[in-house]
Amino acid sequence: MRTPWIVGVSGASGTPYAKAVIGALLDAGEAVDLVVSKAARLTLLDETGATVRDAHWKDDVAAWLARDLGQADLAYWPAGDLAAGPSSGSYPVKGMAVVPASTAACAGIAIGLSKDLLQRAAEVNLKERRRTVVVPRETPVTRSHLEHQIALLDAGAVVLPASPGFYGAGADATAQQLVDFVAGKVLDALGVPHDLFQRWRGELNQRSPLGGP
């Protein structure tokens, strides 16, 4: 039985995080169900110039990810389709990552708003006690932001802010290395093996001469 990971992309800045997570899951041989919110389409267009159209999603997502999806186990569900598979707890999935997660998405998931398929799918994963990773990308934060994140934590989610570490690649890390660090932490939380960053080994100056893994 096909049992995918759901990746929900909300409207927060940080679409490169989503791209890295999706790519790493596919590289690991995992099946992926993708949900892109309406707000995320605007952010994606602004940050990358890419479009995601429901009727042409495969070509559009392939262009965004810059990879051939011919052999990839990737499915796409329109964000407005509240009758989609991921809207039901009987639909078999391993879990879900919401990356990046806007403050609106965090709030909607935390209070069970189910405004769109992304929020509904995340709520379903929480109620079914499946792995759910939420990656907030906002700074600074208000009290309400924190309260919603606490509610998500209490409901069983892993709240994983998009806060890259520098110990793997050093102070001269590239943007992609910092993106990969966060994506790697997401995969760690999902329990999926990857080689996106160099792990801490308890040694100073563990980087290669080029400053990368």
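Whatever comes next refers back to the structure up there.
A quick note: this is a predicted structure, and the numbers were derived from the prediction, not measured.

Calculation rules
- Residues numbered from 1 in each chain as written.
- Predicted model: local features only at pLDDT ≥ 70, side-chain atom pairs only at ≥ 80, totals over all residues.
- Heavy atoms only, no water.
- Phe/Tyr/Trp six-rings, centres within 6.5 Å; stacked < 30°, edge-to-face > 60°.
- Helix = DSSP H or I, 4+ residues; strand = E, 2+ residues; numbered from the N terminus.
- Axes fitted to C-alpha atoms, helices over the stretch in contact; angles between N-to-C directions.
- Parallel < 35°, antiparallel > 145°, perpendicular 65-115°, else oblique.
- Left-handed = near helix turned anticlockwise from the far one by under 90°.
- Contact = heavy atoms within 4.5 Å.
- Buried < 20%, exposed > 50% of the residue type's maximum accessible area, 1.4 Å probe, protein only.
- Pairing = 2+ DSSP bridges.
- Patch = residues over 30% accessible without salt bridge, like charges linked within 9 Å, V, L, I, M, F, W, Y side chains within 5 Å.
- Areas by Shrake-Rupley, 256 points an atom, 1.4 Å probe, with all protein chains shown as cover.
- Salt bridge = Lys/Arg side-chain N within 4 Å of Asp/Glu carboxyl O.

Enquirer: Just checking my understanding: could you explain the packing of aromatic side chains for this structure?
Expert: Working definition: an aromatic ring pair is given by the centre-to-centre distance plus the angle between the planes. Tallied over the full model, the rule gives five aromatic pairs. Measuring from ring centre to ring centre gives 6.0 Å for Trp 77 and Tyr 91, while their planes differ by 90°; the resulting arrangement is edge-to-face. In this pair, Trp 77 is assigned in the loop between strand S3 (74-76) and strand S4 (95-101) and Tyr 91 in the loop between S3 and S4, connecting sequence segments 14 residues apart. What links up through ring pairs into an aromatic cluster is the set Tyr 167, Phe 181, Phe 197 and Trp 200.

Enquirer: I'm lost on the packing of helix H4 (residues 103-110) against helix H6 (residues 143-154) in this one. Help?
Expert: Helix-helix packing is characterised by the crossing angle of the two axes and by the distance between the axes. Where H4 contacts H6, the axes come no closer than 9 Å and their chain directions differ by 45°. Accordingly, the angle class assigned to the pair H4 and H6 is oblique. Crossing geometry of H4 relative to H6 is assigned as left-handed. Seen from H4, the contacting residues are Thr 103, Cys 106, Ala 107, Ile 109 and Ala 110; seen from H6, they are His 145, His 148, Ala 151 and Leu 152.

Enquirer: Would you mind going over the pairing of strand S2 (residues 32-36) with me for this structure?
Expert: Working note: regular strand, side chains alternate between the two faces of the sheet. The element S2 is extensively covered by neighbouring structure, given that five of its five residues are classed as buried. Residues of S2 alternate between two faces, with Val 32, Leu 34 and Val 36 on one and Asp 33 and Val 35 on the opposite face, all of them buried. Inspection of the sheet shows strand S1 (residues 5-9) paired to S2 by five bridges, in the parallel sense. Across the sheet, the residue bridging to Val 7 is Leu 34, located in S2.

Enquirer: How should I be thinking about a nonpolar patch on the surface in this particular structure?
Expert: Among the surface-exposed residues, Tyr 167, Trp 200 and Leu 204 lie close enough to one another that they form a single nonpolar patch of about 370 Å² accessible area. Topologically, Trp 200 is positioned in the segment after helix H7 (175-190). Relative accessible area serves as the criterion here: at 47%, Trp 200 is assigned to the partly exposed category.

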